[in-house]
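Descriptive structure summary
Read off the chains here:
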Amino acid sequence: MKYVKIERNGQPCWGVVKEDSVHTLKGDPYKTLEYDGGSYELSSCKLLAPCDATKVVCVGKNYAEHAREMGGEAPGFPVLFIKAPNTINAPEGAVHAPGFVSRLDYEGELAVVVKRRAKDVKAKDFADYVLGYTCLNDVTARDIQQHDGQWSRGKSMDGFCPVGPWVVSELDPGALALTTRLNGKTVQQGNTADFITAVPQLIEFITAAMTLEPGDVIATGTPAGIGPMVPGDAVEVEIEGIGVLKNQII
Ligand code: MG
């Protein structure tokens, strides 16, 4: 299944993509799917971020090579931080670079969208709690992150978390190629097979500490190759089996 959230009559509406059409749902896709009879051409739809995040739980340094480029070794456990809900941005939404930020970085990542309330989930049961997978850009004001000595301001500015274009279920998150392109040039190339902590174990680790709600998002960490973006740039995050998330910096 490929779940999208579109804007219909000014309101968000969930749907399922079948070929080139979006078949709209009565509610959300977290429990039982109930179609409302609506059908729209995908190309005519305005896509919204396919999640209902009360929080985005992010993993820092989940690829050893990225940990090294940040000047250290990978920690022996997942280091978590939160992006606040104000960061959620649409597929093709513009990312505003505030004037006081001198270095704005892309971080292409695989995102997990949570299907049902999850607390104390065992790794072997992780799939029961996952709606599916999508692309995410963990936009980071690197200079602010370093200046502040902790990450809240640098990671949680408005619109700093584009998510989409859709959520794909029935996908094995264990070996997906991930590519980030800046103005068409490849800048990051990774594979989720290289995760230090894989998705099932991440879900066990996170839910031992905090409850995940339906529509919450887990950002699983970025591969090596992070770098800066400036207004006018276009950044794409492409993940095998999902598609392309493309955003403009303004
Ligand atoms: Mg990140």
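Here the structure is a predicted model, which means the values were calculated and not measured.

**Points about empty space enclosed by the protein**
- Tallied over the entire structure, the rule returns 1 cavity of 30 Å³ or more.
- Estimated volume of the largest cavity: approximately 30 Å³.
- In terms of residue class, the lining of the largest cavity is made up of 5 nonpolar, 3 polar and 1 charged.

**A word on helix 4 (residues 199-209)**
- Buried within helix 4 we find Val199, Pro200, Leu202, Ile203, Ile206 and Thr207. Seen along its axis, helix 4 keeps its buried residues to an arc of 155 degrees; they face one direction. Exposed residues pointing more than 90 degrees away from the buried face of helix 4 are listed as Ala208 and Ala209.
- Looking at the packing, one finds that the buried side of helix 4 touches strand 6 (56-60), strand 7 (79-83), strand 10 (108-114), strand 11 (130-137) and strand 16 (217-219).

**Details of the coordination of the magnesium ion**
- Binding of the magnesium ion to the protein goes through Glu107 (OE), Glu109 (OE) and Asp138 (OD), at separations of 2.0 to 2.1 Å.
- Written as a sequence motif, the donor arrangement for the magnesium ion is E-x1-E-x28-D. Placement of the pair is Glu107 in the loop between strand 9 (104-106) and strand 10 and Asp138 in the loop between strand 11 and strand 12 (140-141), with a sequence separation of 31 residues.
- Judged by its relative accessible area of 4%, Glu107 falls in the buried class.

**A closer look at the sheet that holds strand 18 (residues 234-239)**
- Ordered in space as 15-14-18-19, the 4 strands form an open sheet in which the pairing is antiparallel. Here the strands that pair on one side only, and so sit at the sheet edges, are strand 15 (185-191) and strand 19 (243-248). Direction aside, the axes of adjacent strands within the sheet are offset by 15 degrees on average.

**Things to note about the environment of Gly37**
- Position of Gly37 relative to the elements: it lies in strand 4 (residues 35-41).
- When the C-alpha positions of Gly37 and His23 are compared, they lie 7.1 Å apart, and in sequence the two are 14 residues distant.

**Concerning the sheet that holds strand 12**
- If you walk across this open sheet you meet the 3 strands as 12-9-17, and the pairing is antiparallel. Edge positions in the sheet fall to strand 12 and strand 17 (227-229), since each of these pairs with one other strand and no more.
- Two strands pair when backbone bridges link them, and strand 9 and strand 12 are joined in this way by 2 bridges, in the antiparallel orientation. Residue pairing for strand 12: Leu104 is matched across the bridge by Ala141.

**Digging into the pairing of strand 6**
- A large share of strand 6 lies buried, amounting to 5 of its 5 residues.
- By the alternation rule, side chains of strand 6 split into Val56, Cys58 and Gly60 and Val57 and Val59, which are all buried.
- Of the pairings in the sheet, the one linking strand 6 to strand 7 comprises 5 bridges and is antiparallel in character. Within the sheet, the bridge partner assigned to Cys58 lies in strand 7 and is Phe81.
- When strand 6 meets strand 16, the two strands line up parallel, connected through 3 bridges. Looking across to strand 16, one finds that Val57 is bridged to Ile218.

What counts as what
- Residues numbered from 1 in each chain as written.
- Predicted model: local features only at pLDDT ≥ 70, side-chain atom pairs only at ≥ 80, totals over all residues.
- Heavy atoms only, no water.
- 1 Å grid on protein atoms, 1.4 Å probe; cavity = no way out; pocket = protein on both sides within 12 Å on 5 of 7 lines; lining within 4 Å.
- Points joined across faces, edges and corners; volume = space filled by probe spheres on them.
- Nonpolar A, V, L, I, M, F, W, Y, C, P; charged D, E, K, R; others polar.
- Buried < 20%, exposed > 50% of the residue type's maximum accessible area, 1.4 Å probe, protein only.
- Helix = DSSP H or I, 4+ residues; strand = E, 2+ residues; numbered from the N terminus.
- Arc of directions from axis to C-beta.
- Contact = heavy atoms within 4.5 Å.
- Donors = N, O, S within 2.8 Å, 3.2 Å for Na, K, Ca; no water.
- Pairing = 2+ DSSP bridges.
- Axes fitted to C-alpha atoms, helices over the stretch in contact; angles between N-to-C directions.

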